[in-house]
Amino acid sequence: MLSSGPASASGPATSRALQLFKDWFWRPPRAHGETIVDRRVSPLELLYDLAYATVIAQAGNHLAAHLSANGLFEFAVIFSLTWIAWANGSLYLELHGRLDGRTRTYFFLQIGILAILAVYAADASGGGGGFAIAYTAFLVVMTWLWYEVRRQDARVHPEFLADTGRYVVAMALSVGVILVSAFLPAELRLLVWAIFTIAWVFLLMLFGRSPVGLGRGMTPTDSLVERFATITIIVLGEVVFGVVDGLSQSKRDFTAISTGMLALAVGFGFWWIYFDVVGGKLPKPDGRALANWMLSHFPITLSIAAAGAGMVSLIEHARDDSTPAPTSWLLSGAVAVGLLFLIPTWRALADASRLPSVYRPLWMATLAGAVASVIIGWIRPAPWLLALMLVVVLGLVWAVAVRGFALAGTWSPDGSEAQS
């Protein structure tokens, strides 16, 4: 008689493996307060960010082709909706996500929705309600995810129920507002989206001031800092795309290529200032500082993305004696806005209190740089000269920062903190 030992043993082993897989695949989200201090940004999050890059690029292409006040307003609104979506998804992953099948499934679903959103982002206001419907679908998924967090809080941390409840209600109301906007005329729909953006900014500010909100529900971590650095890198990539598009659409002579390289250096200037002054540094752990730190990234990334769209026109007019007014104001205004909102970003850093000798003169230099950028936009020099002057402004602000860090003994060429 043949032995059935191995065959009979495989049945319980397979059942156990299936149970273990089930336990891993569909675990509940982490409740508030279950922060993973040494958490690292996952490949899923990097792919998730790239999906947003496609939406921003499509919106930027539309701005590059419609460089006007109305075009800029439309771009700002579309970018704002995109940033709010990114912030919701990214903060969920940071605070409540896991490396399990459930988190992967929901976020691959979101990436699919974002791909559809990108299709409509090229003409989101005038292209019907497709963008609004896709955005509604995204909000439905996020509302459900935050509702599941509330269910976990009810079991583990009931002290967070009031705030998570209000947040879920805000998400549900957002679903209704955006869905209704899909059936409105284009101009009214854009206005509703702008009001929606303002409401969300105020909501995040209120959560920052809540005694149970961001202050207790979120701990600053290296992964949180890296998440916001990543979205900054993504919009800096839009500057590269803008330069490439501009050179692709114009006669590639010495003037155009030189202007393109100087335009690219404007993006490099943003990079040097952000990552040497803000990037890699933890914000203060209190809720107000966290809210200010996160929200100030919104206009910074918006201005960089808008500058990327303006690069196309700058290069197309490289041989002009004077930069066209819309292009000049867009680029100089983007640099000015980006510099101005770096001030609340670094004021929210833990280092700001520790190194006042560094950040006080930097505040003055940044404000002067913003004013100088506006003046440059007003005088409208030749495109190559405009880009060069903006690079000089950014370089001088960076130099003030480096001087302060060096004198304070906290600057090292290899990026590590020097010992004073």
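Here the structure is shown first, and the text comes after it.
In this text, all values refer to a predicted model and were calculated from it rather than measured experimentally. (Residues numbered from 1 in each chain as written. Predicted model: local features only at pLDDT ≥ 70, side-chain atom pairs only at ≥ 80, totals over all residues. Heavy atoms only, no water.)

1. Focus: the overall build of the chain
Here comes step 1: Within the chain one finds 15 helices and zero strands.
Here comes step 2: Based on the C-alpha atoms only, the size of the chain along its principal axes is roughly 95 × 60 × 50 Å.
Here comes step 3: Across the 420 residues that make up the chain, the buried fraction comes to 54%.
Here comes step 4: Sequence-distant contacts in the chain: of pairs separated by 6 or more residues, those separated by 24 or more amount to 82%.
Here comes step 5: Surface accessibility of the chain: about 18,600 Å² in total, with carbon and sulfur atoms responsible for 69%. (Helix = DSSP H or I, 4+ residues; strand = E, 2+ residues; numbered from the N terminus. Buried < 20%, exposed > 50% of the residue type's maximum accessible area, 1.4 Å probe, protein only. Contact = heavy atoms within 4.5 Å. Areas by Shrake-Rupley, 256 points an atom, 1.4 Å probe, with all protein chains shown as cover.)

2. So, the pattern of salt bridges
Here comes step 1: Taken as a whole and assessed by the stated rule, the structure comprises seven salt bridges.
Here comes step 2: Across the pair Arg39 and Glu45 runs a salt bridge whose closest N-O atoms are separated by 2.7 Å. Taken individually, Arg39 and Glu45 each receive the classification buried, so the pair is uniform in this respect.
Here comes step 3: The salt bridge partner of Arg227 is Asp49, with a shortest N-O separation of 2.6 Å. Here Arg227 is found in helix 9 (residues 222–248), whereas its partner Asp49 is found in helix 2 (residues 43–65), with 178 residues between them in sequence. Of the two residues, Arg227 and Asp49, neither departs from the other in class, the shared state being buried.
Here comes step 4: Bridged by salt links that share partners, the residues Arg39, Glu45, Asp49, Glu94 and Arg227 form one connected network. (Salt bridge = Lys/Arg side-chain N within 4 Å of Asp/Glu carboxyl O.)

3. What to know about the packing of helix 4 (residues 101–121) against helix 5 (residues 130–156)
Here comes step 1: Put simply, helix 4 and helix 5 touch, their axes get as near as 8 Å, and they point 160° apart. In terms of orientation, helix 4 lies roughly antiparallel with respect to helix 5. For the pair helix 4 and helix 5, the crossing hand works out as left-handed. For the pair helix 4 and helix 5, contact is made by Arg102, Tyr106, Phe107, Leu109, Gln110, Ile113, Leu114, Ile116, Leu117, Tyr120 and Ala121 and by Gly130, Phe131, Ala134, Tyr135, Ala137, Phe138, Val141, Met142, Trp144, Leu145 and Glu148, respectively.
Here comes step 2: Its residues placed into classes, the contact of helix 4 with helix 5 shows 18 nonpolar, two polar and two charged. (Axes fitted to C-alpha atoms, helices over the stretch in contact; angles between N-to-C directions. Parallel < 35°, antiparallel > 145°, perpendicular 65-115°, else oblique. Left-handed = near helix turned anticlockwise from the far one by under 90°. Nonpolar A, V, L, I, M, F, W, Y, C, P; charged D, E, K, R; others polar.)

4. What about helix 10 (residues 254–278)?
Here comes step 1: With 25 residues, helix 10 should reach 36 Å at 1.5 Å per residue; the first-to-last C-alpha distance of 36 Å fits that figure.
Here comes step 2: Looking at the residues trailing helix 10, positive phi occurs at Gly280, about 80°. (Expected span 1.5 Å × (residues − 1).)

5. Description of the nonpolar core
The tendency in soluble globular proteins is for nonpolar side chains to be buried side by side.
Here comes step 1: Core analysis: the biggest nonpolar cluster contains 123 residues, and Tyr135 and Trp193 have the highest contact counts within it.
Here comes step 2: Take this core: its biggest share by element is 16 residues, from helix 11 (residues 287–316).
Here comes step 3: Not counting residues within four places of it along the chain, the set of residues in contact with Tyr135 comprises Leu81, Ile84, Ala85, Leu117, Ile178 and Phe196. (Core = buried A, V, L, I, M, F, W, Y, C linked by side-chain atoms within 4.5 Å.)

6. Concerning the packing of helix 5 against helix 6 (residues 161–181)
Here comes step 1: Helix 6 packs onto helix 5 with a crossing angle of 165° between their chain directions and a minimal axis gap of 9 Å. With respect to helix 6, the axis of helix 5 lies roughly antiparallel. Viewed along their axes, helix 5 and helix 6 form a crossing whose handedness is left-handed. For the pair formed by helix 5 and helix 6, the contact residues are Ala132, Tyr135, Thr136, Leu139, Val140, Met142, Thr143, Trp146, Tyr147, Arg150, Asp153 and Ala154 on the first element and Leu161, Thr164, Gly165, Tyr167, Val168, Met171, Ala172, Ser174, Val175, Ile178, Leu179 and Ser181 on the second.
Here comes step 2: For the contact of helix 5 with helix 6, the class distribution of residues is 16 nonpolar, six polar and two charged.

7. Comments concerning the side chain of Asp49
Here comes step 1: Overall, Asp49 belongs to the buried group, its relative accessible area being 1%.
Here comes step 2: For Asp49, the side chain forms a polar contact with the side chain of Arg227, separated by 2.6 Å.
Here comes step 3: With residues near it in sequence (within four places) discarded, Asp49 still touches Trp86, Ser90, Arg227, Thr230 and Ile234. (Polar contact = N/O pair within 3.5 Å; in protein donor to acceptor, adjacent residues only side chain to side chain.)

8. Considerations on the environment of Val277
Here comes step 1: Considering the arrangement of structural elements, one finds Val277 in helix 10.
Here comes step 2: Remark: the alpha-carbon pair of Val277 and Asp49, spanning 228 residues in sequence, is separated by 23 Å.
Here comes step 3: Apart from the residues lying within four places of it in its own chain, the contact partners of Val277 are Trp346, Leu349, Tyr359, Leu362, Ala401 and Phe405.

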